[in-house]
Amino acid sequence: MMTPSQIAAAAVEIVRSALPYSSELLEQCTSLELPHIMVNGDVFGPAPDNAAAFMQYGPDWTGLAVSSRCGGTSYWLYYRCQLTQERAMACLGPQQSVGAAIEAAVRHVRADLEYWNSKRAAA
């Protein structure tokens, strides 16, 4: 069973490992500079080797993305579940900035870890 400080550290590491760049660099971006989730769920964004090229990311992609519906923008985190190593996604909702979205991502992953840790402890 993980302690609260281990859960907090694991949440930060899970989010950090899902991001393509450091939080400090991403916080300088706007939502328009992040990958975008299309209506059908496909994620498109800059190519890793050429930011001027736009590409579709594959099913194993992890990172921070945005979706726009009816004039509103929501942030999403795609990450690897610590328990199953499957790709998971979390809706972070509207946020004031990319930095706020990263903080919300850490809170979301920490809540998930706390939930699953409590289930394992009860078993």
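This text follows the structure it describes.
Residues numbered from 1 in each chain as written. Predicted model: local features only at pLDDT ≥ 70, side-chain atom pairs only at ≥ 80, totals over all residues. Heavy atoms only, no water.

Novice: For the pairing of strand β2 (residues 43-47), give the residues involved together with the corresponding values.
Specialist: Of the strand pairs in this sheet, strand β1 (residues 36-37) and β2 are connected by two bridges, and their pairing is antiparallel. Residue pairing in the sheet places isoleucine 37 in a bridge with valine 43 of β2. Taking the residues that link successive antiparallel strands as the turn, the β1-β2 hairpin has five residues, and the phi of glycine 41 there is positive, at about 95 degrees. Across four bridges, the pairing between β2 and strand β3 (residues 50-56) is antiparallel. Paired with phenylalanine 44 across the bridge in β3 is glutamine 56. (Pairing = 2+ DSSP bridges. Helix = DSSP H or I, 4+ residues; strand = E, 2+ residues; numbered from the N terminus.)

Novice: Give a detailed account of a nonpolar patch on the surface, specifying residues and quantitative values.
Specialist: Residues Leu83, Tyr115 and Trp116 make up a contiguous nonpolar surface patch of roughly 320 Å² in combined accessible area. Following the sequence through the fold, leucine 83 ends up in the loop between β5 (72-80) and β6 (87-93). In this structure leucine 83 comes out as partly exposed when scored by relative accessible area, which is 41%. (Patch = residues over 30% accessible without salt bridge, like charges linked within 9 Å, V, L, I, M, F, W, Y side chains within 5 Å. Areas by Shrake-Rupley, 256 points an atom, 1.4 Å probe, with all protein chains shown as cover. Salt bridge = Lys/Arg side-chain N within 4 Å of Asp/Glu carboxyl O. Buried < 20%, exposed > 50% of the residue type's maximum accessible area, 1.4 Å probe, protein only.)

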